Amino acid sequence: MASGERRYRSFYLPESRPHFARSRAFHTEHLKLEIEVDLERKRLEGRASLRIVPLRSLQRIELDARAMHISMVTLDGRECKYEHDNEKLVVIADPPLSPGAHEVVVSYSASPTQGVYFIQPDEAYPDKEAQAWTQSEAEFASYWFPCYDSPNDKSTSEMLITVSEGFLAISNGRLLSVSKNRDKVTYHWKEETPHSSYLNSFVVGKFGVKKEEVDGIGLEYYFPEGKRNDVTRYFGETAKMMKVFGELTGIKYPYAKYAQTTVEDFIYGGMENISATTLATTYYPDERSEEDFQVSYSREGQNAVNLVAHELAHQWFGDLVTCADWTHAWLNEGFASYFQCLYLEKEKGVDLLRRDMSLKAELYFDEEETSYRRPIVERNYVYPDDLFDSATYEKGAWMIHQLRYILGDDFFFKGVQEYLTQFSRDNAETNDLRKSLERVSGESLEEYFEEFFFKAGYPEFEVEYSWDEVGSTANLTVKQRQLTDEQTPIFRLPCDIVFYTRKGRTKRRVLLSSAEEKLTFELGSRPRIVEFDPEEWFLKKVKFGKSFELLANQLRESIDASSRARAAADLGSTKNNAVLAPLKEAALTDPSWIVRARALQALGEVGTEEALTSILSLGIPENRRVRRALARALANFKDRGGHKLLAELLLADESPYVQCEAAISLAKAQADGALQLLKKAMKINSPNFTLMEACLDAAGYIKEEEVRTLIMENLRYGAPSRARTGAMKGIINRGFAYEDEVAALKEILLRDKEFRVRYYVADQVAPRLAERRMLEELKRASVSDRDTRVRRRALEVYYELLRTAETISSIAKLGEEVEGLKKENRELRERLSRLDRPTDS
Ligand SMILES: [Zn+2]
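So, here's what we can say about the structure. (Residues numbered from 1 in each chain as written. Predicted model: local features only at pLDDT ≥ 70, side-chain atom pairs only at ≥ 80, totals over all residues. Heavy atoms only, no water.)

## What about the overall build of the chain?
Summing up its helical and strand segments, the chain has 24 helices and 31 strands in all. Whereas a compact globule of 841 residues would reach a radius of gyration of roughly 28 Å, the chain reaches 30 Å, a difference of no more than 12%. C-alpha extents for the chain along the principal axes are approximately 105 × 85 × 60 Å. Across the 841 residues in the chain, those meeting the buried criterion constitute 60%. Partitioning the intrachain contacts of the chain with sequence separation of at least 6 by distance along the chain shows that 70% fall at a separation of at least 24. If you sum the accessible surface of the chain, you get close to 35,300 Å²; carbon and sulfur atoms cover 47% of it. Across the chain, the 119 positively charged side chains and the 137 negatively charged ones have centroids separated by 1 Å. (Helix = DSSP H or I, 4+ residues; strand = E, 2+ residues; numbered from the N terminus. Rg over C-alpha atoms; globule rule 2.2 N^0.38 Å. Buried < 20%, exposed > 50% of the residue type's maximum accessible area, 1.4 Å probe, protein only. Contact = heavy atoms within 4.5 Å. Areas by Shrake-Rupley, 256 points an atom, 1.4 Å probe, with all protein chains shown as cover. Lys, Arg positive; Asp, Glu negative; His and termini not counted. Charge placed at Lys NZ, Arg CZ, Asp CG, Glu CD.)

In structure tokens:
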């Protein structure tokens, strides 16, 4: 099926329900929490004091208080009646509350299974640090303190956290005091900027500490002692980022301090708790990986700089201005994701912004292909966390980028500042942003928002170009080929068409608004290059059939690296030896590593003997990312010369990620002795065992009995986390799972302590193998998993597998019917032939 005719799976499940911002009966002015955190018993105990102001006559004060034991409640200092059903705590005010502030104090204890995560070493992982950390987004704050657990109310907060001596407790705001009482220590923190409940946090553990001060703001880093030498590699750009974001938004970093704490087994990359971000320990680059670090070889762009920038940007987008309900979560995540790219642009140049945006586009396209298509602004979901997907993050970032293009930098940044100023310390929804941008620019954005935020998908273009010598005109036909339906429209948006003629580069902006546009441009001379949105301002797929000459010129002469890279990709897809010369030249001489790498990859895609000769004649590129492209390109060749080079890269390259790429290419190319090489490479140290993961991933392509043992050994609880993922990737690459593997995978899905591996089974292994043997376990995980992301994905995949099972059985049924028909036909024919046969008489 052509991509333009693709129908996407729906985001809606039978369990989906529409959600709207919650009604409030009171406002919480201040929260004071006094709790003792017991790491051994995985328990916390204490009291929560809430200063509330009723918004109407109020007799029943309803708080969210999940799975906790409540021992006493007082209202304005007097013990009072309450009802508690494990979800809600209703405090009875008798008589009803008078206007003005009142104080509710709840004494409670809890052993949370969500909201707070207690980490302890065990036999399988004896080196793990004892820690407790919170994760309150989306609605898990009420698992550790009673509160109004929705984003549309904001209060100041104060945390007094008591822990055993030797442990630190890090929380939001300013540290007021540390007091000792026998073998206990109490840390007293206070955040004076009002914020939503989900932004409250604490981390308890043993940490090394580094501090610096920038423009009166204290920057604090809390890290495992073993990572002391890598702290700067992780956080070194924080101060610079703070300055850049202050300038871009026109608003100085709004809180007293900024703490960044890395914790074990974190279930996200990071969480933007107000003024005290929590982050994963897996993002520490080491000396060897610093230059091209990424958390896993298979996730380009997932690195410390991007993560730190993302969470810091949230301090403005999400913390200072907060989405009014999760339907508008993209206001938090889209902006944080986009600002991380703006930092790249400011500090490292526009090519890096475009590169990162194109990685984002790939993630979003992948979500649409493997999961579903949905509008960014979405009310119908099962759990709020369902919305934290690529439509929210990656497409959200893209839609902001497009707004910048439509409005221009001046109006765009003014509009963003207007939005932040107007909704500071408050909540906002999608139309609030629209109005802010409209107010400063005068532009009506209603249609844009309707198409790009409230509807779904993206334009898929087919572009044709011809030159009319007589009239000296360039003619372009631009078709939008996406399948339109009630979700996906024909989009209306401006677009740059760029020509390079004798007079130089000319940019013409046109408005695309119908399924087919015929455009004519008068040019003085026949263009050497014709480009469609070469600066990559909008999210799209585009097929633009160009002549070899146009592509070769574009690869050589376009001023936009992104456009040169596209030309390289297009040339590579022709699989013709004529393209080797320009690709080789680009791979050697282009000033941008992005283009050199893409040209090398394209040489690999050509796949001929001559292409391999070209690749090998290039030598070993100095840039690590280009070497990775070299390793990737060599996967396409069966020739020994390529295999020898891959073996060298695998065992000796200074970049772990080049080694990973070489591992996969060796296996894909079915090189002799690949398995032995992989086993050797698995023992080489790399950050997060990424090389071990890649080797197991690669082993899946090798058809040798020994691979089975290797995979089983690394699937088990106790193996390094990334190796376990690698083993699962290996199974996926093989294309099927053996019975013992299925049993192990079921066990992981239902019982494993590690979120990431459970999620991987539901998210990748089950759907990719269409593993119907796991139907029952998927159904169970969709109800019982502690993480709603696993629950949601398991449910999605369960329905999908069920559907394919039904399709298969209906096809089988159809098959039976066809067989039946055939039989009838045969009998009929036989009968007829008997009739036809001349009778001997
Ligand atoms: Zn985020």
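## As for the sheet that holds strand 4 (residues 58–64)
Spatially, the three strands line up as an open sheet ordered 4-8-7, and their pairing is antiparallel. In this open sheet, the two edge strands, each paired with only one partner strand, are strand 4 and strand 7 (82–84). Adjacent strand axes in the sheet meet at a mean angle of 20 degrees when their direction is disregarded. Examined bridge by bridge, strand 4 and strand 8 (residues 88–97) share six bridges and lie antiparallel to one another. Its bridge partner lying in strand 8, Glu62 is registered against Val90. (Pairing = 2+ DSSP bridges. Axes fitted to C-alpha atoms, helices over the stretch in contact; angles between N-to-C directions.)

## Points about the coordination of the zinc ion
Each protein donor to the zinc ion is listed here as His310 (NE2), His314 (NE2) and Glu333 (OE); together their distances run 2.0 to 2.1 Å. Sequence positions of the residues that donate to the zinc ion give the spacing H-x3-H-x18-E. Of the two residues, His310 and His314 both sit in helix 3 (residues 304–314), four residues apart, roughly one turn of that helix. Pair check on accessibility: His310 and His314 agree, each one buried. (Donors = N, O, S within 2.8 Å, 3.2 Å for Na, K, Ca; no water.)

## With respect to the sheet that holds strand 21 (residues 276–280)
Ordered by their spatial adjacency, five strands build an open sheet running 17-18-19-21-20, and the pairing between neighbours is mixed. Unpaired on one side and paired on the other, strand 17 (208–214) and strand 20 (270–271) mark the two borders of the sheet.

## Describing unusual backbone geometry
For the bond running from Asp94 to Pro95, omega is 5 degrees, close enough to zero to count as cis. Position of Pro95 among the secondary structure elements: in strand 8. Residue Ala138 is reached from Glu137 by a cis peptide bond, and omega for that bond is 5 degrees. Take Ala138: it is sitting in the loop between strand 11 (131–134) and strand 12 (155–164). Unusually for a residue other than glycine, Ala67 sits at a positive phi of about 45 degrees. In this structure Ala67 comes out as partly exposed when scored by relative accessible area, which is 39%. In the Ramachandran plot, Ala770 falls in the positive-phi region, its phi being about 45 degrees despite a non-glycine side chain. Checked against the element boundaries, Ala770 lands in the loop between helix 22 (755–768) and helix 23 (775–784).

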